[in-house]
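Chain and residue survey
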Amino acid sequence: MAEQQEQAADAMMTRIGQAVMLLHGGDREEARSRFLDLWAEIGEEGDPLHRCTLAHYMADAQDDPSDELAWDLRALSAADELTDARVAEHHQSLAVRAFYPSLHLNLAADYVKLGRSEAARSHLGVARSRVDVLGDDAYGDGIRAGIGRLESRLDRPGPAETPEPTPRQGRGPGGDTLGPPRHRP
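Structure report, in brief. Owing to the predicted nature of the structure, the values given are computational and were not obtained by experimental measurement.

Overview of the overall build of the protein
Helices and strands together make up the secondary structure of the protein, namely eight helices and zero strands. Reading the helices (α) and strands (β) of the protein from amino to carboxyl end gives α-α-α-α-α-α-α-α. Once local pairs closer than 6 in sequence are excluded, the contacts in the protein between residues at least 24 apart make up 61%. Put simply, the protein shows about 9,000 Å² of open surface, and 49% of that area lies on carbon and sulfur atoms.

See below:
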């Protein structure tokens, strides 16, 4: 029974990863469609890892910054329900606390797009306060750099509402989609 549940969980992460590949390949509309279908399967009360991962990437597929914010908030809410044990079932190198710098960085970027600089600064502060859990590797360096870029943008006089596009991260060894964290600013 437990083995069947684990296989189903792995299958869902695989399906989410397939939709992420569509998104990264530029097919935002199809990715959005698949994400919505998967979201309906998972449900609002489903596995927090699945909800966090899907919402995290669904935010990337949005054209409207308000919709992007809503999905990033869903990802954060699901992360708050996650345990290290559940995350380790998916990939033993992951820890929930390492999701938060990226999740808050994404929220900060959303608020910048919406012209809400104080909310952006608040989430940047949370992201910066939690970067100590990240490794000294390309991923950790990318999150720290993203925080720095967004802070610089907010410190410049003039509108900061249009962040520079950058690729999001979220790949593990061998290119696996691990779920959060990813970053974008």
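There's plenty left to go through after this.
Some points on the packing of aromatic side chains
Enumeration over the complete set of coordinates arrives at one aromatic pair. Aromatic pair tryptophan 39 and tryptophan 71: ring centres 5.0 Å apart, planes at 85°, arrangement edge-to-face. Residue tryptophan 39 is found in helix α2 (residues 28-42), and its partner tryptophan 71 is found in helix α4 (residues 65-81); the two are separated by 32 residues along the sequence. There is no split in this pair, since tryptophan 39 and tryptophan 71 are both buried. Over the ring of tryptophan 71 we find arginine 74; its NZ or CZ atom is 4.2 Å from the centre of that ring. For the cation-ring pair, arginine 130 lies above tyrosine 100, with the distance from its terminal atom to the ring centre recorded as 4.7 Å.

Some thoughts on the nonpolar core
One finds Ile16, Phe35, Leu54 and Phe99 to be the most contacted residues of the largest nonpolar core, which totals 49 residues. Sorting the residues of this core by element identifies α1 (2-24), α2, α3 (48-60), α4, α6 (100-113), α7 (117-129) and α8 (138-155) as the ones contributing at least two each. Among the elements that line this core, the one with the most residues is α6, at eight residues. In this view, isoleucine 16 contacts Phe35, Leu38, Ile42, His50, Thr53 and Leu54; residues no more than four positions away in its chain are not counted.

Observations concerning the pattern of salt bridges
Here the structure, examined in full by the defined rule, presents 13 salt bridges. Measuring nitrogen to oxygen at the nearest pair gives 3.3 Å for the salt bridge that ties arginine 121 to aspartate 155. Separated by 34 residues along the polypeptide, arginine 121 in helix α7 and aspartate 155 in helix α8 bring together distant segments of the chain. Its relative accessible area of 34% is what places arginine 121 among the partly exposed residues. One salt bridge connects aspartate 136 with arginine 144, and the closest N-O pair in it is separated by 3.6 Å. Beyond isolated ion pairs, a larger network of salt bridges with shared partners links Arg28, Arg32 and Asp63.

The rules behind each value
Residues numbered from 1 in each chain as written. Predicted model: local features only at pLDDT ≥ 70, side-chain atom pairs only at ≥ 80, totals over all residues. Heavy atoms only, no water. Helix = DSSP H or I, 4+ residues; strand = E, 2+ residues; numbered from the N terminus. Contact = heavy atoms within 4.5 Å. Areas by Shrake-Rupley, 256 points an atom, 1.4 Å probe, with all protein chains shown as cover. Phe/Tyr/Trp six-rings, centres within 6.5 Å; stacked < 30°, edge-to-face > 60°. Buried < 20%, exposed > 50% of the residue type's maximum accessible area, 1.4 Å probe, protein only. Lys NZ or Arg CZ within 6 Å of the ring centre and 35° of its normal. Core = buried A, V, L, I, M, F, W, Y, C linked by side-chain atoms within 4.5 Å. Salt bridge = Lys/Arg side-chain N within 4 Å of Asp/Glu carboxyl O.

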